[in-house]
Amino acid sequence: MQLNDLAKHSKINVGVKQSTKAIMADRALTVFIAEDADKFLIQKVVDLASEKKVEIVYVDSMKELGRACNIDVGAATAVIEK
């Protein structure tokens, strides 16, 4: 899956907290992670996604990920729900 697929979906969660909840509830199809996000913040999301076998797509920047989610600020993570 690619970043431009993110805007096409109606069920997305933006941010570390919402992404974590979606992954833990087995609702996540794909998780997008900004490479310039604080590693301490995103490590739990990466670990959970790996554990639950959720596809991980890395994005160059938080600004780019935020833009793809149609928000005016950067985003560290985003999830497309099943």
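Going by the structure above, here's the rest.
Residues numbered from 1 in each chain as written. Predicted model: local features only at pLDDT ≥ 70, side-chain atom pairs only at ≥ 80, totals over all residues. Heavy atoms only, no water.

(A) The arrangement of the packing of helix α2 (residues 16–24) against helix α3 (residues 39–51) in detail. Relative to each other, α2 and α3 sit at 15 degrees, their axes nearing to 10 Å. What the angle tells us is that α2 and α3 run roughly parallel. The element α2 and its partner α3 pack so that their crossing is left-handed. Contacts between α2 and α3 involve V16, T20, I23 and M24 from the first element and L41, K44, V45, L48 and A49 from the second. A breakdown of the residues in the contact of α2 with α3 according to their chemical character gives seven nonpolar, one polar and one charged. (Axes fitted to C-alpha atoms, helices over the stretch in contact; angles between N-to-C directions. Helix = DSSP H or I, 4+ residues; strand = E, 2+ residues; numbered from the N terminus. Parallel < 35°, antiparallel > 145°, perpendicular 65-115°, else oblique. Left-handed = near helix turned anticlockwise from the far one by under 90°. Contact = heavy atoms within 4.5 Å. Nonpolar A, V, L, I, M, F, W, Y, C, P; charged D, E, K, R; others polar.)

(B) Structural detail: α2. Inspection of α2 places S19, T20, A22 and I23 among the buried residues, and these make up the whole buried set. One face of α2 carries all of its buried residues, which in axial projection span an arc of 165 degrees. Structural note: α2 exposes K17 and M24 on the side pointing more than 90 degrees away from its buried face. For α2, the elements touching its buried residues are β1 (12–14), β2 (28–34), α3 and β4 (77–81). (Buried < 20%, exposed > 50% of the residue type's maximum accessible area, 1.4 Å probe, protein only. Arc of directions from axis to C-beta.)

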